[in-house]
Amino acid sequence: HRDIALKALSSGVIRNRSKADNHAANVLPVIDRIRASGLTTLKAIAEALNARGIPTTRGGQWYPTTVRNAVRRAA
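Residues numbered from 1 in each chain as written. Predicted model: local features only at pLDDT ≥ 70, side-chain atom pairs only at ≥ 80, totals over all residues. Heavy atoms only, no water.

**Student:** Before we move on, could you go through the overall build of the chain and cite the residues and values that matter?
**Tutor:** Looking only at helices and strands, one finds 3 helices and 0 strands in the chain. Ordered by position from N to C terminus, the α and β elements of the chain give α-α-α. Taking 75 residues into account, the globule formula puts the C-alpha radius of gyration at 11 Å, and the chain, at 15 Å, lies well above it. By its C-alpha atoms, the chain is 55 × 20 × 15 Å across when sized along the principal axes. When the 75 residues of the chain are sorted by exposure, 23% land in the buried category. (Helix = DSSP H or I, 4+ residues; strand = E, 2+ residues; numbered from the N terminus. Rg over C-alpha atoms; globule rule 2.2 N^0.38 Å. Buried < 20%, exposed > 50% of the residue type's maximum accessible area, 1.4 Å probe, protein only.)

See below:
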């Protein structure tokens, strides 16, 4: 039972990472446009993404940390 649970858990982790990687790659061009408009701090970028109604990978709000994580994932 334990082996099955571990396999299911690792499968879910891989799936979540893949989803986050894809989302980060898709949102990076938007982040680049926001930066080009003069908003360069992580806080300002998070506020701009929220104002545009763009959800995070899990459908939540953007914060400076989630912007940083998305940029790192996409790099």
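**Student:** Residues and numbers for helix 2 (residues 42-51), please.
**Tutor:** Inspection of helix 2 places Ala44, Ile45, Ala46, Ala48 and Leu49 among the buried residues, and these make up the whole buried set. Two residues or fewer after helix 2 comes Gly53, characterised by a positive phi angle close to 75°.

**Student:** Residues and numbers for the pattern of salt bridges, please.
**Tutor:** Within this structure, the stated rule accounts for 3 salt bridges. A salt bridge links Arg73 to Asp21, with the shortest nitrogen-to-oxygen separation between them at 2.6 Å. Here Asp21 lies in helix 1 (residues 2-36) and Arg73 lies in helix 3 (residues 64-74), a separation of 52 residues in the sequence. Among the residues examined, Asp21 registers a relative accessible area of 35% and is labelled partly exposed. Close ionic contact of Asp32 with Arg35 constitutes a salt bridge, the shortest N to O distance being 3.9 Å. Taken together, the residues Asp32 and Arg35, both in helix 1 and 3 residues apart, mark about one turn of the helix. Taking the relative accessible area as the measure of exposure, Asp32 reaches 39% and is therefore partly exposed. (Salt bridge = Lys/Arg side-chain N within 4 Å of Asp/Glu carboxyl O.)

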